[in-house]
Amino acid sequence: MWDWSYAAEILPGLLKAFRNTIGAALAGFGLAVVIGLVLAMFARSRWGPVRWVIRSIVEFIRSTPLLVQLFFLYYSLPMLTPLSFSAFATGVLGLGLHYGTYLSEVYRSGIEAVPRGQWEAAKALNLSRVKTWFSVILPQAIPPVIPMMGNYLIVIVKETPTLSAITLVEVLLSAKNTASITYRVFEPYTIAGILFLLLSLVLSFGVSRMEKIMKRRYAG
Amino acid sequence: MFARGAGVTLKVALLSAGVALLMSLLAGLGSGSRFAFVRAICRLYIQLFRAVSLLVLLFWMYFALPFAGIELSKLLSAVLAIGLNIGAYGAEIVRGSVAAVPKGQYEASIVLNLSQSQRLWRVVFPQAFVRMLPPMGNLMIELLKATSLIYFITLADLTYEAMILRNNYYIWTPYIFGMLLGIYFLLAACITMAIRILERKFTAWR
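Residues numbered from 1 in each chain as written. Chains lettered and ligands numbered in written order. Predicted model: local features only at pLDDT ≥ 70, side-chain atom pairs only at ≥ 80, totals over all residues. Heavy atoms only, no water.

1. Topic: a positive patch on the surface
Working step 1: Where like charges cluster on the molecular surface, the positive patch consists of A:Arg44, A:Arg46, A:Lys123 and A:Arg129.
Working step 2: Assignment of secondary structure puts A:Arg46 in the loop between helix 1 (4-42) and helix 2 (48-62). (Patch = residues over 30% accessible without salt bridge, like charges linked within 9 Å, V, L, I, M, F, W, Y side chains within 5 Å. Areas by Shrake-Rupley, 256 points an atom, 1.4 Å probe, with all protein chains shown as cover. Salt bridge = Lys/Arg side-chain N within 4 Å of Asp/Glu carboxyl O. Lys, Arg positive; Asp, Glu negative; His and termini not counted. Charge placed at Lys NZ, Arg CZ, Asp CG, Glu CD. Helix = DSSP H or I, 4+ residues; strand = E, 2+ residues; numbered from the N terminus.)

Given below as structure tokens:
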């Protein structure tokens, strides 16, 4: 059932595709970090309608599947607008938008944990709105939530196989292609599964280490 | 087309929600067990199934397992993969909610000479249950979203039907996907609403 020599033969190809997986996940996470921050800041806007719009967007993106969002971005966007992206760019955009809404909640929890007095002090010192955000609030709000953001990096890594639906050749699609050439299915899928398992276990070990470091620094 | 697809999506969602809730209850309560062996098994299950990628797990169960002599139907592999994966997350919710019940409640039930099962089902669980509801609601929305992945193993769910529609009416692609997003949003809204009603019902005594 398990053929070691065959497994060794297909491993390099799968590892190469795994690099694509990691690349897409990291780029998507990077975008999500930015989008999440923008959403979190606008969700505290002074204007009610802006807050309402941001909340609705977040709610909508969070309650629809990433797969369908990817299809929409990849197949409909070029028909509605003159824009058209490669599979990789669409995948990164999809991951960034989807998990940006999740990360905005993470930022929110960090921002709400900053004492009210900090906002008032910034106002008393006559700091501008921008200065208040970037010099006072965010430097205090973000570091404590970094481990939580790390957890979402793990989630994103595990979601990247979904990008195979829009023809991005990552590990799962590469395993599928390998299997369709040789008709041997067990090894490629098992290796793909183990690769994900190892990566997410390593990452979650890293996150829990970071959690400990953060706890020592901010609660001690 | 959409109605038929919605039927399949709902069927898979309900069945896998059943599996997920059962697993989260078993593994969540089991990871607080007195027996080290039971605890270890539950921890292993939670760690393992939280660490795998759901789509890879689904592929593995449907395409690879037959080579190991275990043949699962499309529906069964979908329900098992989604249920086991989401169940591992649910187990963490159950464990956390049970752990959040104040220690005094345990001590009080010992003082009142309640049996083990009475303590769990009459005192601890009802309080933990209320705490579980909001995160469980979010998890059920994740589960609903996860059912879209069964499109990959060609189960004719909402997403699959939409792709077929799209092949036939290519120029309507944006509307088809827009509608699909709308349907998932409505289904998710139903879950949110149901959880809210449950929450109101179970916190009425407060």
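2. Re the UniProt feature "domain: ABC transmembrane type-1" (unreviewed entry) in chain A
Working step 1: UniProt feature "domain: ABC transmembrane type-1" (unreviewed entry): in the numbering of this structure it lies at residues 18-207 of chain A.
Working step 2: A distance of 21 Å separates the end C-alpha atoms of residues 18-207 of chain A, which is 79% helix and 0% strand. (UniProt positions renumbered as here; feature names shortened; annotations may be inferred.)

3. Things to note about the interface of chain B and chain A
Working step 1: With 35 residues of chain B at the interface, the matching set in chain A holds 36 residues.
Working step 2: Carbon and sulfur atoms make up 78% of the area that chain B and chain A hide from each other, which totals about 3300 Å².
Working step 3: Taken as a group, B:Val56, B:Lys145 and B:Leu181 account for 18% of the area that chain B buries against chain A, more than any other trio of residues on that side.
Working step 4: Counting the contacts that link chain B with chain A gives 0 salt bridges.
Working step 5: Put simply, chain B and chain A have 9 residue pairs in polar contact (both at pLDDT 80 or more) between them. (Contact = heavy atoms within 4.5 Å. Buried area = accessible area lost by both parts, 1.4 Å probe. Polar contact = N/O pair within 3.5 Å; in protein donor to acceptor, adjacent residues only side chain to side chain.)

4. Re the nonpolar core
Working step 1: Core analysis: the biggest nonpolar cluster contains 119 residues, and A:Phe71, A:Ile111, B:Ile82, B:Phe152 and B:Leu180 have the highest contact counts within it.
Working step 2: Per-element tally for this core: the top contributor is helix 1 of chain A, with 13 residues.
Working step 3: With residues near it in sequence (within four places) discarded, A:Ile111 still touches A:Ala40, A:Arg44, A:Trp119, A:Trp133, A:Ile137 and A:Ala141. (Core = buried A, V, L, I, M, F, W, Y, C linked by side-chain atoms within 4.5 Å. Buried < 20%, exposed > 50% of the residue type's maximum accessible area, 1.4 Å probe, protein only.)

5. Topic: the side chain of B:Thr159
Working step 1: When you line up the elements, B:Thr159 lands in helix 7 (residues 158-168).
Working step 2: Taking relative accessible area as the criterion, B:Thr159 reaches 0% and is therefore assigned buried.
Working step 3: Not counting residues within four places of it along the chain, the set of residues in contact with B:Thr159 comprises A:Leu67, A:Val68, A:Phe71, B:Ser148, B:Tyr151, B:Leu180 and B:Tyr184.

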